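Architecture at a glance
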Amino acid sequence: MFKRGDWALLLEVGGGYRTVAKVGGGVVQTIRGFLDLDALVGAPYGSVLSSSLGVRFMALPATIFDVIEHRFKRKAQAIYPKDAVHIVRVAGVGPGSRVAEAGTGSGFLTAVLAWYVRPWGVVYSFERRLDHLRVAVDNIRSVGLDPYVELQLRDVSASGFGLAGLDAVVLDMGDPWAAVPYAKEALKPGGALAIFSTTVEHLVKSLAAVEEAGFCEVSVEEVLARRWKPTLGEVRPETFGVVHTGWIIAARNC
Ligand SMILES: C[S@@+](CC[C@H](N)C(=O)[O-])C[C@H]1O[C@@H](n2cnc3c(N)ncnc32)[C@H](O)[C@@H]1O
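Residues numbered from 1 in each chain as written. Predicted model: local features only at pLDDT ≥ 70, side-chain atom pairs only at ≥ 80, totals over all residues. Heavy atoms only, no water.

Thoughts on the overall build of the protein
So the rule is basically this: Strands are runs of DSSP state E lasting at least 2 residues, helices are runs of H or I lasting at least 4, and numbering of each runs from the N terminus. The cut-offs for exposure are 20% and 50% of the maximum accessible area for each residue type, with area from a 1.4 Å probe on protein chains only; residues under the lower value are buried, those over the upper are exposed, and the others partly exposed. We call two residues in contact when some of their heavy atoms are within 4.5 Å.
Of regular secondary structure, the protein possesses 7 helices and 15 strands. Projected onto its principal axes, the C-alpha positions of the protein cover 60 × 45 × 30 Å. Relative to its full complement of 254 residues, the protein shows a buried share of 45%. Partitioning the intrachain contacts of the protein with sequence separation of at least 6 by distance along the chain shows that 62% fall at a separation of at least 24.

Description of the UniProt feature "binding site: S-adenosyl-L-methionine" (unreviewed entry) in the protein
Selection rule: UniProt positions are given in the numbering used here, feature names are shortened, and annotations may be inferred rather than shown by experiment.
Within the UniProt annotation, "binding site: S-adenosyl-L-methionine" (unreviewed entry) is assigned to Ser106, Gly107, Phe108, Leu109, Glu127, His132, Asp155 and Asp172. If we ignore the near neighbours within four places in the chain, the residues touching aspartate 155 are Arg128 and Gly160.

Topic: the sheet that holds strand β10 (residues 166-171)
Condition: We treat two strands as partners when DSSP finds at least two bridges between them. Comment: axis = line fitted to C-alpha atoms, over the contacting stretch for helices; angle = value between 0 and 180 degrees taken between N-to-C directions.
Spatially, the 7 strands line up as an open sheet ordered β9-β8-β7-β10-β11-β15-β12, and their pairing is mixed. Two strands close off the open sheet at either side, each with one partner strand: β9 (149-153) and β12 (216-222). Within this sheet the neighbouring strands show an average axis-to-axis angle of 15°, counted without direction. Direction of pairing for strand β7 (residues 98-102) relative to β10: parallel, over a ladder of 4 bridges. Along β10, the bridge assignment pairs glutamate 101 with valine 170.

So, in structure tokens, the structure goes:
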């Protein structure tokens, strides 16, 4: 059953609208009318509540990805969930991992990494812009992941990470090639490096830096996720969708 402070995924019954809201957060406005979220405190998962316009919503427990997608504020270009999860895989991130990340941006990838390093690990996340860092702080706190994240205002291209023996370093920033030698110093032997690139030019410069720094087991992958229409009798790929996000370079510190 829902507790005060839980995040609920609210699905319009018989319609396509969805939103995510905090249980016990009072009355919230949606494009389908007002919803009283206090009514969900103590209610079982799957409860239905009506908006002020009479639109019915089914309330389900929200996943971390539901909250990130619907409630996180955006200050910088955020990573897509398909890429974030792939980074978790290639960087071998799991419970107890010590991971450094730059730049933090709005903290979308930070939150995903923090979700996976729980309950013993830590994400050291570096950002050079204070306005971005402030948004990330709010986003990460909103999902209760702040105990697993150490945020720092720092330009890693100029100053490195100031850390050693890390399990992984993840770079989603304009000039990762400048941070690659610092990433090598910060990683434990065998530790993983992951770099997200959105253009071919960025990818090639990043790859050159990875090779120059002496990393091994280098790979480049693009994650293609195509949404299909699940309506029986009309099952086919959706007409519109996200065509390109980026590539993920992975390498090991050898
Ligand atoms: C594309 S955004 C990162 C988005 C983030 N991965 C997310 O999912 O929300 C790139 C961020 O890197 C930061 N950045 C760029 N160069 C940096 C550097 N040398 N050191 C630290 N942060 C840097 C930028 O200010 C920006 O916030």
